[in-house]
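# Analysis of the macromolecular model
Each chain, letter by letter, is given below.
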Amino acid sequence: MAKELEELDVTRDEAADRLEAIADDLRGDGSFDVNVSNRTVHLAPPDDIGMEVGVREMSSLLRGDREAFTIKLDWKPE
């Protein structure tokens with residue numbers, strides 16, 4: 001099982017653009033490619049997929065306040 005993870009510092013507009021591109025691919029017919037780091041991953045979602053949305057608020061004396069928002073989509077490829 002391979003897992004690719006890419007962490008970037010981007011502007012809000014850049015983050016929105018990336019999410020919109022993925023949403024457009026999800027709305028399309030069939031499979032699509034996603035670039036993560038230096039790798040292109042081919043994805044083939046079915047019509048129904050699992051979705052998880054999470055929000056985390058953290059407070060630390062050393063790191064200060066932080067917020068995290070995650071979206072997880074999963075499925076069995078067609």
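Definitions and limits used
What you see as residue numbers is a count from 1 along each chain, following the sequence as written. Selection of residues for local features in this predicted model requires a pLDDT of at least 70, selection of side-chain atom pairs for listing and counting requires 80 or more, and totals for whole chains, interfaces and linings are taken over all residues. Values reported for side chains reflect all heavy atoms of the structure, with hydrogen atoms and water molecules removed beforehand. If DSSP finds at least two bridges between two strands, the strands pair. Only runs of H or I of at least four residues qualify as helices and only runs of E of at least two qualify as strands under DSSP, and these elements are numbered from the N terminus. Think of a patch as exposed residues, more than 30% relative accessible area, with no salt bridge, where like charges cluster within 9 Å and nonpolar side chains (Val, Leu, Ile, Met, Phe, Trp, Tyr) cluster within 5 Å. The protein chains shown are the only cover counted for residues, whose accessible areas, like all others here, come from Shrake-Rupley with a 1.4 Å probe. When a carboxyl oxygen of Asp or Glu lies within 4 Å of a side-chain nitrogen of Lys or Arg, that pair is called a salt bridge. Here the positive residues are Lys and Arg and the negative ones are Asp and Glu; neither His nor the chain ends is included. Every charge is mapped to an atom, namely NZ of Lys, CZ of Arg, CG of Asp or CD of Glu. In this analysis, the protein atoms alone were mapped onto a 1 Å grid. Cavities are point sets where a 1.4 Å probe fits without being able to get out; pockets are open sets with protein on both sides within 12 Å along at least five of seven lines; lining residues have an atom within 4 Å of a point. Grid points are joined across faces, edges and corners, and a volume is the space filled by probe spheres set on the points. Think of it as three bins: nonpolar holds Ala, Val, Leu, Ile, Met, Phe, Trp, Tyr, Cys and Pro, charged holds Asp, Glu, Lys and Arg, and polar takes everything else, Gly as well. For each residue, the accessible area found with a 1.4 Å probe, counting protein chains only, is set against the maximum for its type, and the residue is called buried under 20%, exposed over 50%, and partly exposed in between.

### Quick look at the pairing of strand β2 (residues 39-43)
Sheet faces and side chains relate simply in a regular strand, where the side chains alternate between the two faces. Sheet topology note: the strand β1 (residues 32-36)/β2 ladder contains five bridges and is antiparallel. Across the sheet, the residue bridging to Val-36 is Arg-39, located in β2. Counted between consecutive antiparallel strands, the loop separating β1 from β2 contains two residues, among which Ser-37 sits at a positive phi close to 55 degrees.

### Here we look at a negative patch on the surface
Together, Asp-13, Glu-14, Asp-17 and Glu-20 make up a negatively charged patch on the protein surface. Locating Asp-13 in the fold gives a position in helix α1 (residues 12-27).

### Things to note about the layout of surface pockets
In this structure, the largest pocket encloses a volume near 2000 Å³. What lines the largest pocket is a set of 35 residues, and nearest its centre among them are Leu-5, Glu-6, Arg-18, Ile-22 and Ile-71. Where the lining of the largest pocket is concerned, the elements lending two or more residues are α1, β1, β2 and β4 (66-74). Residue composition of the lining of the largest pocket, by class: 23 nonpolar, two polar and 10 charged.

### A word on the pattern of salt bridges
Tallying each qualifying case throughout the model produces two salt bridges. The salt bridge involving Glu-6 is made with Arg-18; its shortest N-O contact spans 3.3 Å. Here the residue Glu-6 occupies a position in the segment before α1, and Arg-18 occupies one in helix α1, the gap between them amounting to 12 residues. Residue class for Arg-18 comes out partly exposed when judged on its relative accessible area of 35%. Here Arg-27 and Asp-24 are joined by a salt bridge, their closest N and O atoms 3.9 Å apart. Taken together, the residues span about one helical turn, with Arg-27 and Asp-24 both in helix α1 at a distance of three residues. Judged by relative accessible area, Arg-27 falls into the exposed class, the value being 65%. Here Asp-24 falls in the exposed class, since its relative accessible area comes to 51%.

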